[in-house]
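Understanding the architecture of this molecule
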Amino acid sequence: QMCIRDRSLVLKDLEYEPIGYRIDSGDLSELSKASRKMVNEVFQKYSKDSSRIKIIASNDINEEVLLEMKKKEHSVNFFGIGTNLVTCQKQPALGMVYKLVEHADQPKMKFSEEIGKATLPGKKTFYRIFTKNSEVPSLDIICCSDEEIKINEPFLIRKVESCLLYTSDAADDLLCVDLGGRRIIKKK
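Parameters at a glance
Residues numbered from 1 in each chain as written. Predicted model: local features only at pLDDT ≥ 70, side-chain atom pairs only at ≥ 80, totals over all residues. Heavy atoms only, no water. Helix = DSSP H or I, 4+ residues; strand = E, 2+ residues; numbered from the N terminus. Expected span 1.5 Å × (residues − 1). Buried < 20%, exposed > 50% of the residue type's maximum accessible area, 1.4 Å probe, protein only. Polar contact = N/O pair within 3.5 Å; in protein donor to acceptor, adjacent residues only side chain to side chain. Contact = heavy atoms within 4.5 Å.

1. Observations regarding helix α2 (residues 28-45)
For α2, built from 18 residues, the straight-helix expectation of 26 Å at 1.5 Å per residue is met to within 8% by its first-to-last C-alpha distance of 25 Å. Those residues of α2 that sit buried are Leu28, Ser29, Ser32, Ser35, Arg36, Met38, Val39, Val42 and Phe43. Measuring from the backbone nitrogen of serine 29 back to the side-chain oxygen at the start of α2 gives 3.2 Å, which picks out aspartate 27 as the cap. Following α2 by one or two positions, serine 47 adopts a phi angle in the positive range, close to 55°.

2. Let's talk about the side chain of serine 58
In this fold, serine 58 is placed in strand β2 (residues 54-58). In this structure the side chain of serine 58 is engaged in a polar contact, spanning 3.1 Å, whose partner is the side chain of arginine 22. Sequence-distant contacts of serine 58, defined by excluding residues within four places in its chain, comprise Arg22, Ile23, Asp24, Ser25, Leu28 and Gly80.

3. Comments concerning the side chain of serine 32
Tracing the chain through its elements places serine 32 in helix α2. Excluding anything up to four places from it in sequence, serine 32 contacts Ile23, Ile55, His74, Ser75 and Val76.

Here you go:
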């Protein structure tokens, strides 16, 4: 919430007009009311107009969430409804999020206090790894798009766990294919 207030004031001072912010986790009703109150109070203190700043809420919103938020008298102006707008609620749906990693040949990164929400900057190439005599993939490899993996040459596998990097060469019989099914590498 402090980021909303601080960024909005800086934008105003730079003669840009902040138009809104998005809340995408937590109690959307309570956060919308608390953040609206904070923005209004701070803008009033600095003689700024906050009336045009809108709140957008998103986070697996469906009819039940909307009804519950209405009961709580939220301060949201717009709802971002994705998965639940285009899929039947009785059927399972894969919730996905797209993250910007590059724009105009410049790497972009999302910073977050939650490590799982942060992104690695730059374009990527993905490889799916199968073990010998198995139809089921063993792992996926994510590389920077400019990293070259050569056909039929050994490669190191690095696994990231809890922000620590481990290297393993224990898998002796890996076959690597790209996501289109094309065979790329067989580790010797």
